[in-house]
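Each chain is listed here by its residues.
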Amino acid sequence: MNAHKQRWVIIALSLAVVGSSGAADGWIEIDYGSILDRRQLSHSGEPVGVLLDRLAGRPVPEVDQRPADRVTHGLLGPLVEPYGFVISDALDSLRKASDDAVFVEVGSLWLAGGIEPAWVELLRSRHMIVESDGEGRLRLILPWTGTNLAEGSSEPAAQEAFDAAWPVLRHLFAAERRRLEQSGQTDPTLAIVAHAYTHEPARSSFRVGSKGVQKAIRMTGPAGRRPPLDLRAIERFLASGMQLEGARLESDGQLRWFGSQTDHVPTLAGKPIGVADIAVAYRAVFHGGQAEPYMSLDRAYAPQAASVN
């Protein structure tokens, strides 16, 4: 860990407060406001500090309430989500002295802009935090959509977060098991501990459950709650040469595609559209936060520092 990050970690941990049920099994609140770069420009050209001042601590409103706040949260969310590294540091501070395992963020193992599995960006952005010791032991910090931070164990929230994230996590687990098999392990079992977290961007605050759920993972198939995505059907549609006009999610969980005949086969950057392109579009919708999917070339203090989203 470099000196710059060490300074951030020390400040962040000094601001962690233990919930009323205690660090052993309750909720830890982490205020990262003192290390937040309030000068960072958002997609609107306004800095983070202006967005926070405008929200004045107000949470994300209901769909039909305070539309201006929803827009501001949409601008703020992607910029502050990566500060989730302070959650990892807070959990590290609770580990037993005898636990000397070194965890590495899985999302950091891929370079941005390269060819990668669709789930990698969810880890790189720290929407989900997955850390590995390289030997089959993983720690997960997963978003939880519940609101009742009741006194008592945070383990039920961790279980709910794990179940909700399974459609994404199972692909990650399958990839990790393949990697371990290639390194010589036979039918490896992954040792998982999952924690739940909530985020209040307007307050620059995370809450993480110190009590996690432990899992031993060997099977990585669908949970069976809904039909798996039919990739072959997508490939057939794209191979037909039709122009994609839209899609509808049926009540049975199937995805129905709508297209129109065209004189020219649709392409992206001169290349045929493939399943990977659909995966990128899906991720943009799935992880769009409060904002609608879009592209932008953001203003910056210097042209060479401009961000493309």
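Remember, predicted model here, so these are calculated numbers, not experimental data.

Q: Is there a simple way to explain helix α2 (residues 48-55) in this structure?
A: Residues lying three or four places apart along an α-helix face the same way, a consequence of the helix completing one turn every 3.6 residues. The set of residues buried in α2 consists of Val48, Gly49, Leu51, Leu52 and Leu55. Projected down its long axis, α2 carries its buried residues within an arc of 160 degrees, all on one side. After α2 finishes, the residue Ala56 shows a positive phi value of roughly 55 degrees.

Q: Can you walk me through the packing of aromatic side chains in this structure?
A: Within the structure shown, the criterion is met by 10 aromatic pairs. Grouping aromatic residues by their ring pairs yields a cluster made of Tyr32, Tyr83, Phe85, Tyr197 and Phe206.

Q: It is not clear to me how the packing of α2 against helix α3 (residues 67-80) should be interpreted in this structure. Could you clarify?
A: Relative orientation and spacing of two packed helices are given, respectively, by the angle between their axes and the distance between those axes. Where α2 contacts α3, the two axes come as close as 10 Å, and the packing angle between them is 140 degrees. Classified by the angle between their axes, α2 and α3 sit oblique to one another. Pair α2 / α3 crosses with left-handed handedness. Residues Val48, Leu51, Leu52, Arg54 and Leu55 of α2 pack against Asp69, Thr72, His73, Leu75, Leu76 and Leu79 of α3. Taken together, the residues of the contact of α2 with α3 sort by class into 7 nonpolar, 2 polar and 2 charged.

Q: I would appreciate a short explanation of the side chain of Ser205 in the present structure.
A: Here Ser205 lies in strand β7 (residues 205-209). By relative accessible area, which is 2% here, Ser205 ends up buried. Engagement of the side chain of Ser205 in a polar contact is seen with the side chain of Glu29, the distance being 3.1 Å. Leaving out residues up to four positions away in the same chain, Ser205 has contacts with Glu29, Ile30, Tyr32, Thr198, His199 and Glu200.

Q: Would you take a moment to explain the pairing of strand β9 (residues 243-249) for this structure?
A: Within a regular strand, the side chains alternate between the two sheet faces. In the sheet, β9 pairs with strand β10 (residues 255-260) via 6 bridges, with the strands oriented antiparallel. If you follow Leu244 over to β10, its bridge partner there is Gly259. Here β9 hands over to β10 after 5 residues, with Gly253 in that stretch at a positive phi of 95 degrees.

Q: Quick question: what am I supposed to make of the pattern of salt bridges here?
A: Opposite charge on two side chains makes pairing possible when the charged atoms of those side chains draw close. Taken as a whole and assessed by the stated rule, the structure comprises 20 salt bridges. Taking the shortest distance from any N to any O, the salt bridge between Glu116 and Arg124 comes out at 2.7 Å. Judged by its relative accessible area of 21%, Arg124 falls in the partly exposed class. When the shortest N-O distance is used, the salt bridge between Arg139 and Glu131 registers 2.7 Å. Judged by relative accessible area, Arg139 falls into the buried class, the value being 5%. Because the salt bridges share partners, they merge into one network encompassing Glu29, Glu200, Arg203 and Arg207.

Q: Looking at this structure, how should I read the environment of His73?
A: For His73, the position within the fold is in helix α3. On the basis of relative accessibility, which here comes to 5%, the residue His73 falls in the buried class.

Q: Teacher, can you tell me more about the nonpolar core here?
A: Side chains of a nonpolar character, in soluble globular proteins, are inclined to be buried together. Counting 29 residues, the largest nonpolar core has Leu140, Leu142, Phe162, Leu169 and Phe173 as its most contacted members. Those elements that provide at least two residues to this core are α5 (120-124), β5 (137-143), α6 (155-182), β6 (190-200) and β8 (213-217). Considering each element in turn, this core owes the most residues, 11 residues, to α6. Not counting chain neighbours up to four residues away, the residues in contact with Leu169 comprise Met128, Val130, Leu140, Leu142 and Phe162. Counting 25 residues, the second largest nonpolar core, distinct from the first, contains Ile30, Val48, Leu52 and Ala202.

About the thresholds
- Residues numbered from 1 in each chain as written.
- Predicted model: local features only at pLDDT ≥ 70, side-chain atom pairs only at ≥ 80, totals over all residues.
- Heavy atoms only, no water.
- Buried < 20%, exposed > 50% of the residue type's maximum accessible area, 1.4 Å probe, protein only.
- Helix = DSSP H or I, 4+ residues; strand = E, 2+ residues; numbered from the N terminus.
- Arc of directions from axis to C-beta.
- Phe/Tyr/Trp six-rings, centres within 6.5 Å; stacked < 30°, edge-to-face > 60°.
- Axes fitted to C-alpha atoms, helices over the stretch in contact; angles between N-to-C directions.
- Parallel < 35°, antiparallel > 145°, perpendicular 65-115°, else oblique.
- Left-handed = near helix turned anticlockwise from the far one by under 90°.
- Contact = heavy atoms within 4.5 Å.
- Nonpolar A, V, L, I, M, F, W, Y, C, P; charged D, E, K, R; others polar.
- Polar contact = N/O pair within 3.5 Å; in protein donor to acceptor, adjacent residues only side chain to side chain.
- Pairing = 2+ DSSP bridges.
- Salt bridge = Lys/Arg side-chain N within 4 Å of Asp/Glu carboxyl O.
- Core = buried A, V, L, I, M, F, W, Y, C linked by side-chain atoms within 4.5 Å.

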